[in-house]
Amino acid sequence: QVQLVESGGGLVQAGGSLRLSCAASGGTLSTYGMGWFRQAPGKEREFVAAISWSGGSTDYADSVKGRFTISRDNAKNTVYLQLNSLKPEDTAVYYCGADSTYTFLLEGSKYLDHWGQGTLVTVSS
């Protein structure tokens, strides 16, 4: 059973950067599309970014395009999310998810094959 563990969250000032990691254990991520999602206080979880199993395709929510970058290293069984030019509205718990069907990631389906527990990102103004 694949387990996903996010790390790299923290408190940062507006305009700053963070790099989130999602490491897998118990199996390989190389056959899964991967996504990052976030849930702000009092809001629904939303799609942030996705990357195909090969890394050849990436997609982003409009709200983060040009600021966030998703990448993966299948040899390390890890997916990353680089967050630049952070804004207070980026404050949320960030989750990674894995699914063999890429479109499920884009749809933000809550029924993905695997979910991590989340890491908190807080952006102060």
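Everything discussed here concerns the structure shown above.
Residues numbered from 1 in each chain as written. Predicted model: local features only at pLDDT ≥ 70, side-chain atom pairs only at ≥ 80, totals over all residues. Heavy atoms only, no water.

**Q** What am I meant to see in the overall build of the protein chain here?
**A** For the protein chain, the helix and strand inventory stands at one helix and 11 strands. Each helix (α) and strand (β) of the protein chain, taken in turn from the N terminus, gives the series β-β-β-β-β-β-β-β-β-α-β-β. For the protein chain, the C-alpha radius of gyration of 13 Å lies close to 14 Å, the compact-globule estimate for 125 residues. Total accessible area on the protein chain stands at roughly 6300 Å², and carbon and sulfur atoms take up 48% of it. (Helix = DSSP H or I, 4+ residues; strand = E, 2+ residues; numbered from the N terminus. Rg over C-alpha atoms; globule rule 2.2 N^0.38 Å. Areas by Shrake-Rupley, 256 points an atom, 1.4 Å probe, with all protein chains shown as cover.)

**Q** What is the right way to look at the state of the cysteines in this model?
**A** What we call a disulfide is simply a covalent bond connecting the sulfur atoms of a pair of cysteines. Counted under the stated rule, the structure contains one disulfide. The disulfide partner of Cys22 is Cys96, and the S-S distance across this bridge is 2.0 Å. Taking the torsion about the sulfur-sulfur bond, which here is approximately 60°, the covalent link between Cys22 and Cys96 counts as right-handed. In this pair, Cys22 sits in strand β3 (residues 18-25) while Cys96 sits in strand β9 (residues 92-99), placing the two residues 74 residues apart along the sequence. Classification of Cys96 as buried rests on a relative accessible area of 0%. (Disulfide = S-S within 2.5 Å. Buried < 20%, exposed > 50% of the residue type's maximum accessible area, 1.4 Å probe, protein only.)

**Q** Is there a simple way to think about the side chain of Ser52 in this case?
**A** For Ser52, the location among the structural elements is in the loop between β5 (46-51) and β6 (58-60). Owing to a relative accessible area of 10%, Ser52 belongs among the buried residues under this scheme. Ignoring sequence-local partners within four residues, the contact set of Ser52 consists of Tyr32, Gly33, Ser57, Arg72 and Tyr102. (Contact = heavy atoms within 4.5 Å.)

**Q** I would appreciate a short explanation of unusual backbone geometry in the present structure.
**A** With the exception of glycine, most residues fall at negative phi, and the peptide bonds are largely trans. Despite not being glycine, Asn77 has its phi angle at roughly 55°, a positive value. Mapped onto the fold, Asn77 is located in the loop between β7 (68-73) and β8 (78-83). Phi is positive for Ser85, which is not a glycine, with a value near 50°.

**Q** It is not clear to me how the side chain of Arg67 should be interpreted in this structure. Could you clarify?
**A** In this structure, Arg67 sits in the loop between β6 and β7. A polar side-chain atom of Arg67 sits 3.0 Å from the main-chain carbonyl oxygen of Ser85. Reaching out from Arg67, the side chain makes a polar contact with the side chain of Asp90 at a distance of 2.7 Å. Those residues in contact with Arg67 that sit more than four places away from it in its chain are Gln82, Leu83, Asn84, Ser85, Leu86, Lys87 and Asp90. (Polar contact = N/O pair within 3.5 Å; in protein donor to acceptor, adjacent residues only side chain to side chain.)

**Q** Help me understand the packing of aromatic side chains, please; the structure alone is not making it clear to me.
**A** How two aromatic rings sit relative to each other is set out by the distance from centre to centre and by the angle between their planes. Tallied over the entire structure, the rule returns two aromatic pairs. Of note, Arg45 hangs over the ring of Tyr95, and the distance from its end group to the ring centre comes to 5.1 Å. Stacked on the ring of Trp115, the Lys or Arg Arg45 has its end atom at 3.8 Å from the ring centre. (Phe/Tyr/Trp six-rings, centres within 6.5 Å; stacked < 30°, edge-to-face > 60°. Lys NZ or Arg CZ within 6 Å of the ring centre and 35° of its normal.)

**Q** Mind showing me how you'd approach the pairing of strand β4 (residues 33-39) here?
**A** Within β4, six of the seven residues are buried, leaving the element largely enclosed by the surrounding structure. Relative to β9, β4 is paired through seven bridges, and the arrangement is antiparallel. Opposite Phe37, over in β9, you have Tyr95 as the bridge partner. Taken together, the five bridges between β4 and β5 define a ladder with antiparallel strand orientation. What sits directly across from Trp36, in β5, is Ala49. Counting the residues that bridge the hairpin from β4 to β5 gives six residues, and of these Gly42 lies at a positive phi of roughly 75°. (Pairing = 2+ DSSP bridges.)

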